[in-house]
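Descriptive structure summary
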Amino acid sequence: MQDGLPNAGRLAETSIVVFNQEHKVIYASPGVLDTIRVELLQQAVRNKARTVVDNEDCPVSINYEQGEFDGQPASIVKLTKKEMDCQKWLTLLKSTLDEVPEGIIITDPQGEIIYYNEALEEMEGLKGSEVTGKHLTEVYRVTPETSEHMAVVQTGEPVKELPKMFFTAAGREVNLMASTYPVFEQGKVIGAFSICRDVTRIKDLLSRNILLQKQMQSKNRDNVYNNGTRYTFSNLIYASQTMYSIVRQAEKAAKTDCAVLVYGETGTGKEVLVQSIHNASARQFEPFVGINCAAIPDTLLESILFGTVKGAFTGAINSTGLFEQAGAGTLFLDEINSMSPQLQAKLLRVLQERTYRRLGDSKELPVNCRIFTSTNLDPLECVRKGTLREDLYYRFAVFAVFLPPLRERPADIERLISHFMHRYGSVYGQGQVELDQALKDAFLRYQWPGNVRELEHVIESCLAMLDPGEKVVSFDHLPVYVRPKFVQRKKLPVLNPGSSQNTLHKILEETERQVIENVLASNNGNITRSAQELGILRQNLQYRMRRLGIRTNAK
């Protein structure tokens, strides 16, 4: 750039930047380098881009010419600011932000609202046209000292996952989880924005769940323990030696008062086992309280576990946490490997000190309950991946019980089939119902990735499909969505060993043909599903079909 040229700080209608063969700037029109970063220009020229973005995020058109500058070969770049395109760019951004499901509010450094999207209108019951242009203190019950936006502008640090509770003008309770971030330009904060997630429905569901647990504890007349449980060791259905050893191990755990960790795949019956341990322990007449850590955001989970005091955060009220609800009973934390490391650290302190504090309170409360936990993955693998703290694992794994998947204990499948057939036969008024032998064989061969839960649901679906008077469940009663998983294999024809044509090659070829034809027929000719069932690639199956002369109308 030549000395003495003034910089106006704005891009003219058309400006010029000249680059040498090494893509270094040797001349620029006044103001260009104040509005567009040099490195962005250099990158655009190297890539022969047609557009570059200026410091205001508005597009600028680029046209190239080859020429000379001071007698040296040079690239002359003409820049034209697209004023109309800049307006379109802002319109596009506004339309995009109005469509996202999260609420978004943007303020300037003084706290004046300059943008308020449609999602936030729906959450808070306000109109963007009415709040835009107003100061935060005019719209919300905040002061410059308590406003997250003003704090973020002053500190330059974001405030993340802050819970808020308030009532709309229509009287509806709203619970939000808000994160507020500063906006920087050249190292200076020029505003702030918040992203808000409506967690009202989640909190309602959790409140109802807690209420139901309380009702179960106080009104469940069917349970002799009246403690919020449904299962004892008598509810465990098994025939395998593996499960026999596991139940004996669990019975020993019931006689102690140490922490218990149960791990196994989804659907193996972890909660059945932990409730059984509780009901065989000295705490059997105390409450059993369980919660799935994977289903709840961490910020909510912390308040649910420990409880809150009024004023802990915006809209917080006095609430009892699960530690307090469990009393001298048992607290079951399902899928604890889904809990964040930060909350795991707080939980570790609770286990070590045997005390906790409600959110926003300084008073220490004693922990009197026994704690059970579970993971749906190998806990040592969770430790290796960092989803479970090692020190927390050793605290919980004083007594560890592994529930193997159903596919590893086939002896239990037949016993479970009989149990569920009897149970749901009574539920659906079918009385004594039998399972077709071919379907039973298919059930015994199947891997059951959903374990006991999947087996139960499939059998219940079959019995619900029976017509009045039917007493045998067959492949025809399987739900459509699971029917391809259970293929009724036809008996292969027996070849005449006396025939001169029955060489080993011929027998293998005919057997292969029959297997492929049977699988295709059971899948209505669908090649993709048939290949998956046979455990081969789709292209491999098509090759074998061509070689054997097998045709199907489906694809």
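Below, the structure is looked at part by part. In this text, all values refer to a predicted model and were calculated from it rather than measured experimentally. (Residues numbered from 1 in each chain as written. Predicted model: local features only at pLDDT ≥ 70, side-chain atom pairs only at ≥ 80, totals over all residues. Heavy atoms only, no water.)

1. As for the environment of arginine 407
- Here arginine 407 shows up in the loop between strand 19 (399-402) and helix 16 (411-427).
- Given the relative accessible area of 33%, arginine 407 is considered partly exposed.
- Residues arginine 407 and tryptophan 448 lie 41 residues apart in sequence; the distance between their C-alpha atoms is 6.3 Å.
- Not counting chain neighbours up to four residues away, the residues in contact with arginine 407 comprise Glu265 and Gln447. (Helix = DSSP H or I, 4+ residues; strand = E, 2+ residues; numbered from the N terminus. Buried < 20%, exposed > 50% of the residue type's maximum accessible area, 1.4 Å probe, protein only. Contact = heavy atoms within 4.5 Å.)

2. A short note on the packing of helix 16 against helix 18 (residues 451-464)
- At a minimum axis separation of 9 Å, helix 16 and helix 18 run at an interaxial angle of 40°. Classified by the angle their axes make, helix 16 and helix 18 are oblique. Considering only the axes of helix 16 and helix 18, their crossing is right-handed. From helix 16, Ile413, Leu416, Ile417, Phe420, Met421, Arg423, Tyr424 and Gly425 reach across to helix 18, where they touch Val452, Leu455, Glu456, Ile459, Glu460 and Leu463.
- Its residues assigned to classes, the contact of helix 16 with helix 18 comprises 10 nonpolar, 1 polar and 3 charged. (Axes fitted to C-alpha atoms, helices over the stretch in contact; angles between N-to-C directions. Parallel < 35°, antiparallel > 145°, perpendicular 65-115°, else oblique. Left-handed = near helix turned anticlockwise from the far one by under 90°. Nonpolar A, V, L, I, M, F, W, Y, C, P; charged D, E, K, R; others polar.)

3. Topic: unusual backbone geometry
- Positive phi, normally seen in glycine, also occurs at glutamine 186, with a value near 55°.
- With respect to the helices and strands, the residue glutamine 186 is situated in the loop between strand 9 (173-185) and strand 10 (188-198).
- We note that glutamate 335 has phi near 55°; this positive angle belongs to a residue other than glycine.
- With respect to the helices and strands, glutamate 335 occurs in the loop between strand 15 (330-334) and helix 13 (341-353).
- Among the residues examined, glutamate 335 registers a relative accessible area of 16% and is labelled buried.

4. A look at the pairing of strand 7 (residues 113-116)
- As paired elements, strand 6 (residues 103-107) and strand 7 share 3 bridges and run antiparallel to each other. When the bridges of strand 7 are listed, isoleucine 106 appears paired with tyrosine 115. (Pairing = 2+ DSSP bridges.)

5. Side note on the packing of aromatic side chains
- Applying the stated criterion to the full structure yields 11 aromatic pairs.
- Taking 6.3 Å as the distance between ring centres and 35° as the angle between the ring planes, the aromatic pair formed by phenylalanine 288 and phenylalanine 332 counts as tilted. Here phenylalanine 288, found in strand 12 (residues 288-292), pairs with phenylalanine 332, found in strand 15; they are 44 residues apart in sequence, far enough to count as distant.
- Summarising the aromatic geometry, the rings of tyrosine 393 and tyrosine 394 are spaced 5.1 Å apart at their centres and angled 55° between planes, so their arrangement reads as tilted.
- A relative accessible area of 12% means that tyrosine 393 is categorised as buried.
- A residue is classified by how much of its surface remains accessible, and tyrosine 394, at 51% relative accessible area, is exposed.
- In this structure an aromatic cluster arises from ring pairing among Phe306, Phe323 and Tyr356.
- Taking NZ or CZ as reference, lysine 48 lies 4.9 Å from the ring centre of tyrosine 64, over its face.
- We note arginine 248 situated over the ring of tyrosine 244; from NZ or CZ to the ring centre the distance is 4.4 Å. (Phe/Tyr/Trp six-rings, centres within 6.5 Å; stacked < 30°, edge-to-face > 60°. Lys NZ or Arg CZ within 6 Å of the ring centre and 35° of its normal.)

6. Quick notes on helix 13
- With 13 residues, helix 13 extends 18 Å from end C-alpha to end C-alpha; this agrees with the ideal 18 Å at 1.5 Å per step.
- By the burial criterion, the buried members of helix 13 are Leu343, Gln344, Leu347, Leu348, Val350 and Leu351. Looking straight down helix 13, one finds its buried side chains confined to an arc of 160°; they lie on one side.
- On the buried face of helix 13, the contacting elements are helix 11 (298-306), helix 12 (322-326), strand 15, strand 16 (355-356), strand 18 (370-375) and helix 15 (390-396).
- Arginine 354, located one to two residues past helix 13, shows a positive phi value of around 60°. (Expected span 1.5 Å × (residues − 1). Arc of directions from axis to C-beta.)

7. Regarding the pairing of strand 4 (residues 59-69)
- With 3 bridges joining them, strand 3 (residues 51-53) and strand 4 adopt antiparallel strand pairing. Each bridged residue has a counterpart across the sheet, and for threonine 51 the counterpart in strand 4 is serine 61.
- What sits between the antiparallel neighbours strand 3 and strand 4 is a turn of 5 residues, in which aspartate 57 has the positive phi angle 65°.
- Where strand 4 and strand 5 (residues 72-81) come together, 10 bridges link them in antiparallel fashion.

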